[in-house]
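Each chain, letter by letter, is given below.
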Amino acid sequence: MQRSPASKTILLLASLALLVAVPWIASDYFVMMCIRVMYFGMLTLSLCFLAGELGVVSLMQASFFGISGYFIAILQTRYQIPFPIPPLVGIGVAVSFAALTGLLVIRARGIYFLMLTLVLGQLVWALASQWASVTRGDSGITDIFAPVIFGISTEKSKSAFYLFELFFFCGVIYFLAALKRSPFGLMLRGVRDSEGRMAMLGYPVSLLRYLAFIFAAFVASIGGVFFAYFTGLINPHSVSLTTNVETLLAGILGGIQTLFGAILGTAILKILDLVLSGITQRYLLIMGILFLITIMFAPKGAAGALKRLWDSVASVSYTHLTLPTTCNLCRSRWSPY
């Protein structure tokens, strides 16, 4: 059963109104949890965009996430450069790094793309760990302060920081959704399904892969900006293989094919990580079992399972409404449709 455009618009506006109202109707703890889900969600969105539209899995998205955070930290703490120059420079450097490394990875396919991005991501991690004179090594850079926006300190007010981040989070979702609906997204899916056929039709396959890689890096770098501002520190863990794997697991848990799945998977992962780590020291074992169950019984993730449930309920309701009934006058079976 398809929703009408009016119902989709109403649902979207209601969801947006609820998100805006969160600082006034929820506790500070819940607001902080939403902030974490949003900046990690942007990292997961960047991975799921590549996986869903292009059919490739990158293990270096955390590199762009961390590069933007590192440049914010360096420019703010060492050179005292005011907002908004540090985040703009951080995003610009991360995107430039993606443009450079993209020239290396766009020609790789399948497992070779995965391994090449893994190697590049580990090089960034090694640089962050060993270039101590700039990155301060494993201890990282601290004393990063969130900016003042329209006279309101987002450092002191978590509600203001939440709304500040929500604006960009919604903008990222709109940006990726627009890309998916555009001719560019259609061409990406064509490359994913049959790269040889798209090349024969004259489409610039390498350029399409290259641009998709840069767009995904741009989204990840925005998440890194809010991560640095919210946590107040940046260290090599933010660009490590562990962060990349957690991002991949969040995408698998929620549904790596969709943007909604990326957000849902990030929310589930971060909430379970926090709750289970406070209950038992073996929470990683429980998380592993959860992922095993997801892969075996819900390969499309939680979003896919919810969609199947919705479709089954809708089809049952529709069947119930259209069941043939018996006319009392003519004693014959008839259907109103």
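These lines cover the structure that appears in this document, whether it is placed above or below. Nothing here was measured: the structure is a model prediction, and the numbers come from that model. (Residues numbered from 1 in each chain as written. Predicted model: local features only at pLDDT ≥ 70, side-chain atom pairs only at ≥ 80, totals over all residues. Heavy atoms only, no water.)

1. Some points on the nonpolar core
Under the convention used in this document: Here the nonpolar core consists of buried residues drawn from Ala, Val, Leu, Ile, Met, Phe, Trp, Tyr and Cys, with membership extended through side-chain atoms lying within 4.5 Å. The cut-offs for exposure are 20% and 50% of the maximum accessible area for each residue type, with area from a 1.4 Å probe on protein chains only; residues under the lower value are buried, those over the upper are exposed, and the others partly exposed. Each helix corresponds to a stretch of at least 4 residues labelled H or I by DSSP, and each strand to a stretch of at least 2 residues labelled E; elements are numbered beginning at the N terminus.
Counting 75 residues, the largest nonpolar core has Y39, L45, F64, Y162, L176 and F213 as the members making the most contacts within it. Elements with a contribution of two residues or more to this core: α2 (28-54), α3 (61-77), α4 (85-105), α5 (111-130), α7 (158-181), α8 (183-193), α10 (205-231) and α12 (259-279). Residues A250, L253, L269 and M287 belong to the second largest nonpolar core, which totals six residues.

2. Some words on a nonpolar patch on the surface
The criterion, for reference: By definition, no residue in a patch forms a salt bridge, and every one has over 30% relative accessible area; like charges are joined within 9 Å, nonpolar side chains (Val, Leu, Ile, Met, Phe, Trp, Tyr) within 5 Å. Note on areas: Shrake-Rupley, 1.4 Å probe, and residue coverage restricted to the protein chains presented here. Salt bridge, as used here, is a side-chain nitrogen of Lys or Arg placed within 4 Å of a carboxyl oxygen of Asp or Glu.
Together, L16, L18, L19, V20, W24 and I25 give the surface a local cluster of nonpolar side chains, amounting to about 600 Å² of exposed area. Tracing the backbone shows I25 in helix α1 (residues 5-25). Note on I25: relative accessible area 57%, which makes it exposed.

3. Some remarks on the pattern of salt bridges
With the rule as written, the count across this model stands at six salt bridges. Through salt bridges that share partners, E53, K180 and R189 make up one connected network.

4. Side note on α4
Put simply, the test is: Given a helix with a known number of residues, its expected span is that number minus one, times 1.5 Å. Contacts: residue pairs with any heavy atoms within 4.5 Å of one another.
A rise of 1.5 Å per residue sets the reference length of α4, with its 21 residues, at 30 Å; its end C-alpha atoms lie 30 Å apart and thus fit the reference within 8%. Regarding α4, the residues found buried are P86, P87, G90, I91, A94, A98, T101, G102 and V105. Its buried side turned inward, α4 meets α3, α5 and α10.

5. Comments concerning unusual backbone geometry
Along the chain, F83 connects to P84 via a cis peptide bond; the corresponding omega equals 10°. A positive phi angle, near 60°, is found at D143, a position not held by glycine. Locating D143 in the fold gives a position in the loop between α6 (132-135) and β1 (148-149). For D143, a relative accessible area of 52% gives the class exposed.

6. Considerations on the environment of G52
Inspection of the secondary structure puts G52 in helix α2. Along the backbone, G52 and A303 are 251 residues apart, and their C-alpha atoms lie at a distance of 13 Å. Discounting chain neighbours no more than four positions away, the residues touching G52 are R192, I256 and Q257.

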